[in-house]
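Inside the fold
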Amino acid sequence: MLGLSSLCSLFLCVFLSCTSQSAVVDQAVKLSNCSTTTGMNWTSYHSYTTIYRYMKCLAYTYTELVTLVKIGNSYEGRPLMVARVGLGESNTTTVWLDGGVHAREWISPAAASYVLAELVINNMDYTSLLTNFTVYVMPVMNPDGYEYSRTTDRFWRKTRSRHNGSLCVGVDANRNWGYRWGGEGGSTDPCCYQRYQGQTPFSEPETRAAKDFILSLDNVILYLSLHSYGQFILYPWQQEDEEEQILATVAVMAMGEEGEYVAMSAENAAGCSMGWAKGEAGVRFAFTVELPPRREGFVDNPQEGFELPASEIEGVGEKVAAAVVTMVGRIAGFGYV
């Protein structure tokens, strides 16, 4: 799969060898306009404002393909934005992709926004996918925490909500979902730096908005949530589900060489979004993708693993896009379209 940095050479090649020259030039102009006007690229990590502006630009530029949906506001008032990508209104089988649930995992919003850009800018390569499926991408589910990690505390994980009777701030947005909420993997201590589960399920406006919106969609067949780090393809719990195992395997293969990623169940993550999608929302396939790096290199200082160099964004984005496309293709082969 070609990365966004290869688009210019791709455009030139197609321009010289194909008859649809005007369409190629139009695509190049659109790419240049959105990148130039918003400052968005995949060689740096960007603010939520820049990501939001880029999403707006795509929706404005590709009006027949992209619709931008505001599903709510964060605790601090930032708009919670989702991009709908699809050709026409008849494709009611839905794929959901989110990132930025945990603030410090910067590669997650970067990779999610890369997938969005890849599907939109190179949409002619994905005509079948975008005709048969509607893809919803939410690059940053926790914008307050994400911005706080950029300006104040690089390793902040949670949201930025405040709670009655406590001076401590924030909830783990991946322990706040309703399915098996309060079980193993969460914390009842509001001052827990990492895993406070909240006073109630969906106490956070961010998780509540995402939940309500996902439940409003037609036939969500695949839920993918991007996190870091460790290089795992996680599914909700250990079970005999042949199709799920096949999807996990093709995702592992699409993400890299043999052994680069590992598929496994996530048993100790009560209240996580993936478990809710599978166990309560009825999504047929639900996975969490733990992006690079691998954990082995950061045993002595685990926090350093969240500081993946920006030079690796594009490569990670390419692999995630390949996994999404491969998984959706296999789902179509299963006969769910």
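Presented here is an overview of the structure given in this document. Because the structure is a prediction, the values reported are computed rather than measured.

When helices and strands are tallied, the chain shows ten helices and eight strands. In the chain, buried positions account for 55% of the 337 residues. Carbon and sulfur atoms make up 51% of the accessible area of the chain, which amounts to about 13,800 Å² in all.

To find leftover empty space, a probe the size of one water molecule is rolled over the atoms. The calculated volume of the largest pocket comes to roughly 580 Å³. Along its surface, the largest pocket is lined by 26 residues, and Arg175, Arg195, Tyr229, Glu290 and Arg295 are the ones closest to its centre. Those elements giving two or more residues to the lining of the largest pocket turn out to be β5 (220-228), β6 (232-235), β7 (262-265) and β8 (285-291). Residues belonging to the lining of the largest pocket are distributed by class as follows: twelve nonpolar, seven polar and seven charged.

What follows deals with the state of the cysteines. On inspection of all chains with the given rule, the structure shows two disulfides. The disulfide that involves Cys34 links it to Cys57, with 2.1 Å between the sulfurs. Its S-S torsion of about -95° marks the bond between Cys34 and Cys57 as left-handed, since a negative value means left-handed. Linking Cys34 in helix α2 (residues 21-38) with Cys57 in helix α3 (residues 48-61), this pair joins segments that are 23 residues apart in sequence. Among the residues examined, Cys57 registers a relative accessible area of 12% and is labelled buried. The disulfide bridge from Cys168 ends at Cys191, spanning 1.9 Å between sulfur atoms. Negative torsions about the S-S bond denote left-handed disulfides, and the value of about 90° found for Cys168 with Cys191 makes this one right-handed. A residue pair is termed long-range when its members are at least 10 positions apart, and Cys168 in the loop between α6 (143-151) and α7 (205-216) and Cys191 in the loop between α6 and α7 qualify at 23 residues.

Turning to unusual backbone geometry, a few remarks are in order. For the bond from Ser228 to Tyr229, the omega torsion is 15°, close enough to zero to count as cis. Take Tyr229: it is sitting in the loop between β5 and β6. Between Pro292 and Pro293 the backbone carries a cis peptide bond, its omega angle lying at 5°. Mapped onto the elements of the fold, Pro293 is located in the loop between β8 and α10 (313-334). Phi is positive for Phe202, which is not a glycine, with a value near 60°.

Turning next to the pattern of salt bridges. This model, assessed by the stated rule, comprises eleven salt bridges. Close ionic contact of Asp241 with Lys278 constitutes a salt bridge, the shortest N to O distance being 3.7 Å. Taken together, the positions of Asp241 in the loop between β6 and α8 (242-255) and Lys278 in helix α9 (residues 273-279) put the pair 37 residues apart, joining distant regions of the chain. In this structure Asp241 comes out as buried when scored by relative accessible area, which is 12%. Two residues, Asp241 and Arg284, come together in a salt bridge whose shortest N-O distance is 2.9 Å. Of the two residues, Asp241 is situated in the loop between β6 and α8 and Arg284 in the loop between α9 and β8; the sequence distance between them amounts to 43 residues. A single salt-bridge network, built from bridges that share partners, covers Asp241, Glu243, Glu244, Lys278 and Arg284.

Rules used in this analysis
Residues numbered from 1 in each chain as written. Predicted model: local features only at pLDDT ≥ 70, side-chain atom pairs only at ≥ 80, totals over all residues. Heavy atoms only, no water. Helix = DSSP H or I, 4+ residues; strand = E, 2+ residues; numbered from the N terminus. Buried < 20%, exposed > 50% of the residue type's maximum accessible area, 1.4 Å probe, protein only. Areas by Shrake-Rupley, 256 points an atom, 1.4 Å probe, with all protein chains shown as cover. 1 Å grid on protein atoms, 1.4 Å probe; cavity = no way out; pocket = protein on both sides within 12 Å on 5 of 7 lines; lining within 4 Å. Points joined across faces, edges and corners; volume = space filled by probe spheres on them. Nonpolar A, V, L, I, M, F, W, Y, C, P; charged D, E, K, R; others polar. Disulfide = S-S within 2.5 Å. Salt bridge = Lys/Arg side-chain N within 4 Å of Asp/Glu carboxyl O.

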